[in-house]
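Listed here are the chains, written in short residue letters.
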Amino acid sequence: MNHVFCLISVKHTEKFTKLALDSFFKNTKLEEGDIFVFINNDGTNAFRKEYPIDIYINNKTPKSFSKNCNKGFRIANTFKKHFVIITNDIIFTKDWLEPLKQKDDMILIPVCNVNFTYKSPGFSTSSVMQLEDYIGKEPYLEAIVNFHKNNFKFEELSEKIFMQMYLARIPYKVYKDVGYLDTTFSNAGGEDMDYRIRAAIKGYKTMLAVHPFILHFHGKSTWDGAESTEQEKSRREQYLKKGMEKWGEDLTEIFIKGTNAKEWAYKIGLQKEFDNSESYNIIRILKKC
């Protein structure tokens, strides 16, 4: 079963999109039957002719991340293929996809600079990065990736409490059971955390594939890019309100809000599960699955 890869771009971050596209087509082993979907949220024609894009969607009006993703989900479902969500502030590295293909009953996310930081004389990674941190230093990233891979097994998986779906492979079996992203989270965010909760309730884990290492600039369409402080605050309030309405206080505090997740988990008697990063078990305990 092949894949539908869906990348969503917005005009104000097109400089990141170009790097994502360049690195994707350089470092991804595509197979016959794979489909690459490009969603241009702002209706521009950027990149239409520069890359081997199979399906190009030009939105007449901007849509939320969840609505755009769901267009990709529907294409994947039509062709009965696994689905890969791609945010546009990613640098793909050699053979990033192969370890994500090892499981068809869980969501797998490759680790990135949010999970591991590396320092060298010429290049360092951090949880949030800018273009100038990377441009001209590509060989250093390749060296870091090789070093990283030598320290982790191909099949190694890890679970964390906080796992964003900046780049995630969602198998056909999983989304057929769990469904698509919840569009009622609007453009506020939180829909990926919501999806993880829904998947766990259905019996599917979300895990980090530790062997591949990709670069995630992080937050470029929202809090570290286009948003003002007030806009970020308003957006966060919206998705926390939605999370509280849908999942209640415990799940929202631990997985959607996250700022005091440890204290909250300890307070409700889930210290062991939290310390062991057992997000799947925490969700299922709280939902009495």
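Residues numbered from 1 in each chain as written. Predicted model: local features only at pLDDT ≥ 70, side-chain atom pairs only at ≥ 80, totals over all residues. Heavy atoms only, no water.

Caption draft 1: Local environment of helix H7 (residues 229–257). When the terminal C-alpha atoms of H7 are compared, their 17 Å separation across 29 residues is substantially less than the 42 Å that a helix rising 1.5 Å per residue should span. Where H7 is concerned, the buried positions are Arg-235, Tyr-239, Leu-240, Gly-243, Trp-247, Leu-251, Thr-252, Glu-253, Ile-254, Phe-255 and Ile-256. Against the buried residues of H7 lie helix H6 (191–202), helix H8 (261–267) and helix H10 (279–286). Looking one or two residues beyond H7, the residue adopting positive phi is Gly-258, at roughly 80°. (Helix = DSSP H or I, 4+ residues; strand = E, 2+ residues; numbered from the N terminus. Expected span 1.5 Å × (residues − 1). Buried < 20%, exposed > 50% of the residue type's maximum accessible area, 1.4 Å probe, protein only. Contact = heavy atoms within 4.5 Å.)

Caption draft 2: Fine view of the packing of H6 against H10. Viewed as axis vectors pointing N to C, H6 and H10 meet at an angle of 75°, and their least axial separation amounts to 9 Å. The angle between H6 and H10 falls in the class roughly perpendicular. Here H6 contributes Arg-196, Ile-197, Ala-200, Ile-201 and Lys-202 to the contact with H10, which in turn contributes Ser-279, Tyr-280, Ile-283 and Arg-284. Taken together, the residues that form the contact of H6 with H10 break down as 5 nonpolar, 1 polar and 3 charged. (Axes fitted to C-alpha atoms, helices over the stretch in contact; angles between N-to-C directions. Parallel < 35°, antiparallel > 145°, perpendicular 65-115°, else oblique. Nonpolar A, V, L, I, M, F, W, Y, C, P; charged D, E, K, R; others polar.)

Caption draft 3: Representation of unusual backbone geometry. A positive phi is found at Lys-80, a non-glycine position, where the angle reads about 55°. Turning to its location among the elements, Lys-80 is positioned in the loop between helix H2 (65–78) and strand E4 (82–86). Even without being glycine, Lys-288 reaches a positive phi, approximately 55°. Tracing the chain through its elements places Lys-288 in the segment after H10.

Caption draft 4: Structural detail: the pairing of strand E2 (residues 35–40). The element E2 is largely enclosed, with a buried count of 6 among its 6 residues. The side-chain alternation of E2 yields two buried faces, one formed by Ile-35, Val-37 and Ile-39 and the other by Phe-36, Phe-38 and Asn-40. Examined bridge by bridge, strand E1 (residues 3–9) and E2 share 6 bridges and lie parallel to one another. The residue bridging Cys-6 from the neighbouring strand is Val-37, located in E2. Traced from E1 through helix H1 (residues 14–27) to E2, the parallel crossover comes out right-handed. Where E2 lies against strand E3 (residues 55–58), 4 bridges are found, and the strand directions are parallel. By the bridge assignment, Ile-39 is partnered in E3 with Ile-57. (Pairing = 2+ DSSP bridges. Right-handed = clockwise from strand over helix to strand, strands pointing away.)

Caption draft 5: Inspection of the packing of aromatic side chains at higher detail. Overall, the coordinates contain 22 aromatic pairs when judged by the stated rule. With centroids separated by 5.1 Å and ring planes inclined at 65°, the aromatic side chains of Phe-16 and Phe-217 adopt a geometry described as edge-to-face. Of this pair, Phe-16 sits in helix H1 while Phe-217 sits in the loop between strand E9 (206–216) and H7, placing them 201 residues apart in sequence. Relative accessible area serves as the criterion here: at 5%, Phe-16 is assigned to the buried category. Residues Phe-25 and Phe-36 carry aromatic rings whose centres are separated by 5.0 Å and whose planes lie at 55° to one another, so their mutual orientation is tilted. Here Phe-25 is found in helix H1, whereas its partner Phe-36 is found in strand E2, with 11 residues between them in sequence. Stacked on the ring of Tyr-56, the Lys or Arg Arg-48 has its end atom at 4.2 Å from the ring centre. Across from the ring centre of Trp-264, 3.4 Å away, lies the NZ or CZ of Lys-267, which sits over that ring. (Phe/Tyr/Trp six-rings, centres within 6.5 Å; stacked < 30°, edge-to-face > 60°. Lys NZ or Arg CZ within 6 Å of the ring centre and 35° of its normal.)

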